[in-house]
Amino acid sequence: SLHDALPISCLVMMFLSKVKMKYILGFVGIIVTAGAIFMLVSFAFSKDNRSTTWLYRIERFFSNDSEDKDDNFQVTQAQIAIASGGILGKSPGKSTQRNVLPQSYSDYIYAIIVEEGGLVGGILVLALYLILLHRVTRVMIRAPQSFGALLAMGLAFSIVMQALVNMGVAVGLLPVTGQPLPFVSRGGTSMLFTGIALGIIISVTKEIYKNDETKTYQALMNRILNKK
C-alpha cells in the first residue's frame, strides 16, 4: 500500500524542497533507529509475527540452496509465467499460470500481464507508470515551491515506487513483499486510496495549469495596455 513507501517519499519531498542535507540525514537516522528498535522488540516478544516473516523472506531470497528456492512456490510459478510469455505473449485471457499461481490477481498480477502481453505488454505497463511520474515532475518544475506540487510529487512517487516494487518481486529482483500493483491488482482498500491519491494529483495539476494560464493572460493584457 501507499503508506509503505511513505519514508522514501518523505525523503524525496525534503530533497525537492531544498531542505538542508543535515536535516535529511537526521531524518534517515531517526527512521533507521526506529526501524531497528521495532525489529528488536518484535523478535524479543514474539517468535511468530510479521517481522519473522520478513526475515524469512529475505533469507530465502538470498539463499543459494536450490532446494530452498524451489520451496518458494509463488516465485517459481511467477517465473514460469514470465518465461512462457515471450515477446508478444499468449494474448489476453489465455494465461495458463493464473490457475496455478497464488495471488495471481493481486501480488503477482504483473507476471500474468507479461505472460499474456509478453515483453511488449510488460514494458507498456511500466511505461505508463513512468509517464505518470514524468507528468507530475513537469508540474513540479512549473511550481517548485508550491505545497500542491510537492504533495502531487510525493503521491505520484509513492504510486510509482509501489508499482516498481511489485514488478521487481514478480520478476525475481526483490524478495516477496505483498505489495499490490496500483490500479491493476484486485483489492478494495488499496484501489480506494490509490484512486484518492490520483484524484488529488489531478486536482493539483489542474489548479497549477489554470494559474499559469491566468498569469499568462494577465501578462499579455498588461503588455497590450502598456503599448496603448
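The structure presented is a predicted model; accordingly, all values stated were derived computationally and were not measured.

S.K.: Looking at this structure, how should I read the overall build of the protein?
M.R.: A tally of helices and strands in the protein yields eight helices and zero strands. The order of α-helices and β-strands along the protein, N terminus first, is α-α-α-α-α-α-α-α. Residue pairs at least 24 apart in sequence account for 60% of intrachain contacts in the protein once pairs closer than 6 positions are excluded. Roughly 14,200 Å² of accessible area belongs to the protein as shown, and the carbon and sulfur atoms make up 67% of that amount.

S.K.: Before we go on, may I ask you to explain the pattern of salt bridges in this structure?
M.R.: As a working rule, side chains carrying opposite charge can pair if their charged atoms are close by. Tallied over the entire structure, the rule returns two salt bridges. A salt bridge links Lys-90 to Glu-115; its shortest N-O distance comes to 2.9 Å. One end of the pair, Lys-90, is in the loop between helix H5 (73-85) and helix H6 (109-142); the other, Glu-115, is in helix H6, and 25 residues separate them in sequence. Residue Lys-90 is classed as partly exposed on the basis of its relative accessible area of 28%. The exposure class assigned to Glu-115 is buried, which follows from its relative accessible area of 0%. Between Arg-98 and Glu-116 there is a salt bridge, and its shortest N-O distance comes to 3.9 Å.

S.K.: Got a minute to help me understand the packing of H6 against helix H7 (residues 147-170) in this structure?
M.R.: Helices that pack against each other are described as a pair by the angle of their axes relative to one another and the distance between those axes. Two elements in contact, H6 and H7, have axes separated by 10 Å at closest approach and are oriented at 160°. Judged by the angle between their axes, H6 and H7 are roughly antiparallel. For the element pair H6 and H7, the recorded crossing hand is left-handed. Its residues assigned to classes, the contact of H6 with H7 comprises 22 nonpolar, two polar and no charged.

S.K.: Help me out: how do you make sense of the environment of Arg-135 in this one?
M.R.: One can find Arg-135 in helix H6. Looking at Arg-135, the relative accessible area reads 44%, which means it is partly exposed. Separated by 18 residues in the primary sequence, Arg-135 and Met-153 place their C-alpha atoms 9.6 Å from one another.

S.K.: I would appreciate a short explanation of the packing of H5 against H6 in the present structure.
M.R.: The geometry of H5 relative to H6 is characterised by a closest axis approach of 7 Å and an angle of 20° between their N-to-C directions. Taken together, the axes of H5 and H6 lie roughly parallel to each other. Along this stretch, H5 crosses H6, giving a crossing that reads as left-handed. Here H5 contributes Ala-78, Ala-81, Ile-82, Ser-84 and Gly-85 to the contact with H6, which in turn contributes Ala-111, Val-114, Glu-115 and Gly-118. Grouping the constituent residues of the contact of H5 with H6 by class yields five nonpolar, three polar and one charged.

S.K.: Could you clarify how one ought to interpret the side chain of Thr-194 in this entry?
M.R.: Residue placement: Thr-194 occurs in helix H8 (residues 188-227). One polar contact links the side chain of Thr-194 to the main-chain carbonyl oxygen of Ser-190, over a distance of 2.6 Å.

S.K.: Got a minute to help me understand the side chain of Asn-166 in this structure?
M.R.: Its place among the elements puts Asn-166 in helix H7. Excluding its chain neighbours within four sequence positions, the residues that come into contact with Asn-166 are Ser-106, Asp-107, Tyr-110, Gln-179, Pro-180 and Leu-181.

S.K.: Can you help me understand unusual backbone geometry in this one?
M.R.: Here the phi dihedral of Ser-91 falls at roughly 85°; this positive angle occurs in a residue that is not glycine. The residue Ser-91 is located in the loop between H5 and H6 in this model.

S.K.: Would you mind going over the confidence of the model for the protein with me for this structure?
M.R.: Any segment with low pLDDT has predicted coordinates that should not be analysed in fine detail. Confidence in the prediction for the protein averages 79 pLDDT; 77% of positions are at 70 or higher. Highest mean pLDDT in the protein belongs to H6 (90); lowest belongs to helix H4 (residues 66-70) (48).

S.K.: Please explain H7 as it appears in this structure.
M.R.: Given 3.6 residues per helical turn, the α-helix brings residues three or four places apart onto the same face. Its 24 residues place the ends of H7 35 Å apart at the C-alpha level, agreeing with the 34 Å of an ideal helix rising 1.5 Å per residue. H7 sits mainly inside the fold: 20 of its 24 residues count as buried. Within two residues after H7, Gly-172 carries a phi angle of roughly 85°, on the positive side.

Reading the values: the criteria
- Residues numbered from 1 in each chain as written.
- Predicted model: local features only at pLDDT ≥ 70, side-chain atom pairs only at ≥ 80, totals over all residues.
- Heavy atoms only, no water.
- Helix = DSSP H or I, 4+ residues; strand = E, 2+ residues; numbered from the N terminus.
- Contact = heavy atoms within 4.5 Å.
- Areas by Shrake-Rupley, 256 points an atom, 1.4 Å probe, with all protein chains shown as cover.
- Salt bridge = Lys/Arg side-chain N within 4 Å of Asp/Glu carboxyl O.
- Buried < 20%, exposed > 50% of the residue type's maximum accessible area, 1.4 Å probe, protein only.
- Axes fitted to C-alpha atoms, helices over the stretch in contact; angles between N-to-C directions.
- Parallel < 35°, antiparallel > 145°, perpendicular 65-115°, else oblique.
- Left-handed = near helix turned anticlockwise from the far one by under 90°.
- Nonpolar A, V, L, I, M, F, W, Y, C, P; charged D, E, K, R; others polar.
- Polar contact = N/O pair within 3.5 Å; in protein donor to acceptor, adjacent residues only side chain to side chain.
- pLDDT = per-residue confidence, 0-100.
- Expected span 1.5 Å × (residues − 1).

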